[in-house]
Every structure is written in structure tokens, then in C-alpha cells.
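# Chain and residue survey
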Amino acid sequence: MSTEQRLAPSGAPDSPDTPDTIGSGEERAVRRAGWAALRPLVLRLHFYAGVLIAPFLLVAAVTGLLYAGSFQAEKVVYAHELSVPVGKAERPLSQQVADARKAHPEGKLAAVRPAPRPGDTTRVLLSDVPGVSADHQLAVFVDPYTGNIRGALETYGSTGALPLRTWLDALHRDLHLGETGRLYSELAASWLWVVAGGGVALWIGRQRGNRRLRALALPDRTATGRRRTLSWHGAVGLWAALGLVALSATGLTWSAYAGANIGELRESLGQATPTVSTAVAEQHAGHDGSSGMPGMPDMPSMDESKGNRSGGSAPADVGIDKVLRTARAQGLTNPVEIGLPTDQGTAYVVKQVQRSWPEKQDALAVDPATGKVTDVSRFADYPVLAKLTRYGIDLHTGTLFGLANQIALAALALALIFLILCGYRMWWQRRPTRDRALSFGRPLPRGAWRQVPLPVLIPLVAAVGVVGWLVPLLGISLVAFLAVDITLGAHSRRRRVPATTVD
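Here's what I pulled together on the structure shown here. Starting afresh in each chain, residues are numbered from 1 along the sequence in its written order. Reporting of local features is limited, given that this is a predicted model, to residues whose pLDDT is at least 70; pairs of side-chain atoms are given and counted only at 80 or more, and all residues count toward the totals for whole chains, interfaces and linings. Side-chain calculation: all heavy atoms of the structure are included, whereas hydrogens and water are not.

## Brief notes about helix α6 (residues 163–174)
Going by this rule: Here a helix means four or more residues in a row that DSSP labels H or I, a strand means two or more in a row labelled E, and each is numbered from the N terminus. A helix is expected to span 1.5 Å for every residue after the first. Exposed residues in this analysis have more than 50% of their type's maximum accessible area, buried residues have under 20%, and partly exposed residues fall in between, with area computed by a 1.4 Å probe over protein chains only. Contacts between residues were defined by any pair of non-hydrogen atoms, one from each residue, lying within 4.5 Å.
With 12 residues, α6 should cover 16 Å at 1.5 Å per step; its first-to-last C-alpha distance of 16 Å lies within 8% of that length. Within α6, burial applies to Arg-165, Thr-166, Leu-168, Asp-169, Ala-170, Leu-171 and Asp-174. Elements in contact with the buried residues of α6: α2 (35–68), α3 (70–77) and α7 (182–206). Leu-175, located one to two residues past α6, shows a positive phi value of around 55°.

Below you can see the structure in the form of C-alpha cells.
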């Protein structure tokens, strides 16, 4: 059997709906319009996605399912570090910082997250800690009522992921292969919306003669064999399609290549995410003896119990307690993170870090010498696309709606796994009746694009080109699929030529 015969789509329809020869002379002469012309092309695209992209989607679905459960698992695994008995009154934040630095003097004080709720611990974040990755920090967990240290763990990202969630996040994002591994997840996200949208179009088109909504939304339990598998595949896919498209779109927003293009597009439209300026008045810079210089450990003159720098020519510092009070006065409620100045010319940055609904993303900069607010950024003033990007990322990562969001992500992951397995089962069931034990699904016919009228084909090609530029891995892989298709077609024609030229 030829190489072409060993390939088949994961979601191809039953053979009675599929023409045996899309490229026959009669059909090439009659150009069909509308869905009848586009359907074979969508089928062919579904064919390649089903065979070649489904494995990447399966890995993304499995790892995404694990990540969806990591938030709740984190609360259980790290309960000792995250929670404490509620006391009568919290110690000043500067004293909590001093307690953390006494237990962990290594590295450099980078930021502090005060306990957001009664019974939570305060996180004191240290950077440049030996043995901790450069893009990670060491979080020291402090009992805000007693100053006792509850533990220290590596943390990653703006959501403060602890080791378990960090490991699962990296598994989903890049399979722990670094930047090279990110290509897998971006490829999956690039094709997921195409597969989902094409599947919905094929399923609705297949049911267009049936006026009952139930025929679209529910599987046909009276069907048998491949038709039964297809019925379940279509019904589940219809229910999951909107969520899968949303996952694809939100996943692309911070991918390596498509994410960069989307970021550039947003910036050109004036829709970039605002940031606060950390620069302070020039007269505060130029002093010696700062304890916050990058790459340097905290100097002995740092009085962290009060949050002030003292001695010599070191600049004055109003202290972290006053900075927090200033932020509260400006309406920055919990949870917040206080970033320390990185050098003598920069300010404290206090930002809200709540990623659940309603979002809290306000931020402000505070001059360490005067305690005055030097810049403010309000989430309410974000451009529309910046807000949508923030919502989309938090929806994708399961933080926007908390537990309900995480359950929905798990359900979508399970649905995608089910759809892929059903697709491969249909592939197997579609194999020819002869030599079933040794054969795979029959191939879809070629030449689908020839049936598309030029007024539709030309803008379609232009649209694909634009999308291929915006989502590079989709464009590159589509070109590769076309090359494979042309090669297999040429190989098939060469195999048929001797049989048709024999006298």
C-alpha cells in the first residue's frame, strides 16, 4: 500500500459524504459556489491537522489538565508555608522583612507581598540567591503575627507560582526544553482554532438538512460503528469549540513568535499595557553607599527593621511601612507587591497582583526619599486591547474565575483528549475492508482548491497569507503540509502511470 493510503484525517466524515475524486474532469469544469466549494478544502485541512498536529494538541491537553489542578494542589502541598493561625495584630511590615532577612541573609531583597488576608503569610522575595534560577526568586514565608519563619520556597512569575505549579507550568509551556520546547505549545495553539472552527463548520454542514437542534448538540445513540464515533466526535466538539478557540487565542498572546507580532501590533495601535515610571528626581541620585545596587548584597548599613538606610552619604529612605501606607491611601487594597528600588535613581513600585475577578492591577511609584507618589497607573485607564489581553491570559491560566475557571479548563482539556482519541478511532475505522489488519484509513482526495471560485479563492489566499504572517508557525507548517501533499500526489501519479500505459 502507498504512503498516501496510510494517511487519513482524524475527523473525516463518512465516505458517502466524501467524493471519490475531487479532481475529476467533470468537477473541474463546473465550479461550485458557497459551502459546497469550500467543504472539500476544509476537509483536506482537517486531514492534515488531524494526522500531523493532533499529537501536539494531545500533549498540550494532557499537560494543561495537570496544570489546571495545580492551583488546588498547591494549597494542600504548601499549606504550612501559606497559612498560619490568626493572631491578634500583625507586626509592622518592616519587622517582618527584618525577620526574614535574619533567617535568610543571602541574595538581595527584591520585593515584599504583605499577607493579603487574615491567616495568610507574608512573602519576602529575594533575588540573586545562590542555587536559585535567575528568573526565579526565593520566597521566605513569615508569620505576620509572630515573625516566625514558616519556610522558604522558590517562586516564579507574577502569580507567585510555587515549585509544584512552576514545574507543571514549564511542562505545559515547553516540556522543560527551554525556548526550543516552546515551539510545541505555540504550534498547538496556532492550529487549535483552525481545527475547532473547521470541525464546527463540517459538523453543521453535515447536519444542515436536519432541522432539529438536538441533532447538532447531542450524539446519535442509534448509530453504530464509525458513524457512532463521528456522532460523539461532532457533538462534543460543538460543545467545546468556543472554549477551545478561546484557549488558542489567549495562548497565542504570550507565545514566542505570534505573541511578539501581537505585541507589536498592539503597540502600533496604542494598545500596549501601561507601566509606571520608576525614575525619581535627579537630586536624589548620585550618592554613594546605596544598598540596593544591582548585583550587590545588602550593605551592613541597611536597617531593615525600620526600612531606612543609615550612615555616611547614603540617601534617606522613608521605609517600606510608609510606602505601604501611601499605597493604601491611594486605594491599592490587597493583594499587593512592593518592589524595592533597584538603585539610587529609582522608586518603590507598589502594584496590585489580584488576577481573579474583579482584576486588581493598579500600580504606583513612590519616591524613597520623600514618600511622595511619582507616577500612577490605573487598570480602569488601560486601553481596551490591554484589558482584553490581561483577561485572556488570566482566563487561560485559570486565575480569572478561580476554582470555576480551573474546572472549566480541566473539562476543556478532557474534551480535547476525547476528540483526538475519537479522531484516531475514526481514522482506524475508515480503513479499507480488505487487509484490515494491515491498513489504515483511506486518504481524502486531492484538488479541493480547484473547486473554489476565483472570487472566493483569491481573498482566501490573501487572508491566509496575513494570518500566516501574524501566526508564523501556522503559516510555516501549512506550507510544509502543502509540500508534503504535492510530493505524495506526484509519487501517487508516478505509481499509476505504468499501469495506464501498458498495451
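## Regarding the sheet that holds strand β10 (residues 373–377)
The criterion, for reference: Paired strands, as defined in this entry, are two strands with at least two bridges between them according to DSSP. Fitting a line to C-alpha atoms yields each axis, with helices limited to the stretch in contact; the angle taken between N-to-C directions then spans 0 to 180 degrees.
Sheet architecture is open: 8 strands sit in the order β4-β3-β2-β1-β7-β8-β9-β10, paired in antiparallel fashion. Looking at the sheet topology across the chains shown, the edges are occupied by β4 (149–155) and β10. Each strand axis lies, on average, 20° off the axis of its neighbour in the sheet, ignoring direction. Two strands pair when backbone bridges link them, and strand β1 (residues 108–113) and strand β2 (residues 122–127) are joined in this way by 5 bridges, in the antiparallel orientation.

## Things to note about the packing of aromatic side chains
Keep this limit in mind: Stacked, edge-to-face and tilted are the three classes for Phe, Tyr and Trp ring pairs, Trp counted by its six-membered ring, which pair at centre distances within 6.5 Å; planes under 30 degrees apart are stacked, over 60 edge-to-face, the rest tilted.
Taken as a whole, this structure holds 8 aromatic pairs when the rule is applied. Relative to Phe-481, the ring of Trp-191 has its centre 5.3 Å away and its plane inclined at 40°; by these criteria the two rings are tilted. Here Trp-191 is found in helix α7, whereas its partner Phe-481 is found in helix α15 (residues 472–501), with 290 residues between them in sequence. Taken as a pair, Trp-191 and Phe-481 share a single burial class, namely buried. Consider the rings of Trp-357 and Phe-401, whose centres lie 6.2 Å apart with planes at 35°: the pair is tilted.

## Remarks on the pairing of β1
Sheet faces and side chains relate simply in a regular strand, where the side chains alternate between the two faces. Along β1, 6 of the 6 residues are buried, which leaves the element largely enclosed by surrounding structure. Alignment of β1 against strand β7 (residues 336–339), held across 2 bridges, turns out to be antiparallel. Residue Ala-111 lies in a different strand from β7, and its bridge partner there is Gly-339.

## Overview of the packing of α6 against α7
Heads up, the rule is: With respect to orientation, any angle under 35 degrees is reported as roughly parallel, any angle over 145 as roughly antiparallel, any angle of 65 to 115 as roughly perpendicular, and every other angle as oblique.
Between α6 and α7, the shortest axis-to-axis distance is 6 Å and the interhelical angle comes to 65°. Overall, the two elements α6 and α7 adopt an arrangement that is roughly perpendicular. Across from Leu-171, His-172, Arg-173 and Asp-174 in α6, the residues of α7 making contact are Arg-182, Tyr-184 and Ser-185.

## Describing the nonpolar core
Rules: Definition of nonpolar core: a set of buried residues of the types Ala, Val, Leu, Ile, Met, Phe, Trp, Tyr and Cys, connected through side-chain atoms within 4.5 Å.
Ranked by size, the top nonpolar core spans 37 residues in total, and within it Ile-53, Leu-57, Trp-191, Leu-192, Leu-244 and Leu-416 carry the most contacts. Those elements that provide at least two residues to this core are α2, α7, α9 (225–252), α13 (402–429) and α15. The element contributing the most residues to this core is α2, with 10 residues. If we ignore the near neighbours within four places in the chain, the residues touching Trp-191 are Leu-45, Ala-49, Ile-53, Leu-473, Leu-474, Ser-477, Leu-478 and Phe-481.

## Considerations on the pattern of salt bridges
Formally: Here, a salt bridge means any Lys or Arg side-chain nitrogen found within 4 Å of an Asp or Glu carboxyl oxygen.
Per the counting criterion, the structure on display carries 11 salt bridges. Of the charged contacts in the structure, one is a salt bridge between Lys-108 and Asp-128, with a shortest N-O distance of 4.0 Å. Of this pair, Lys-108 sits in strand β1 while Asp-128 sits in the loop between β2 and β3 (137–142), and the two are 20 residues apart along the sequence. Notably, a salt bridge pairs Arg-113 with Glu-337, separated by 2.6 Å at the nearest N-O pair.

## Some points on the pairing of β4
In the sheet, β3 pairs with β4 via 6 bridges, with the strands oriented antiparallel. Looking at the pairing, Leu-138 lines up with Glu-154 of β4. Count of turn residues in the β3/β4 antiparallel hairpin: 6 residues, of which Gly-147 carries a positive phi of about 85°.

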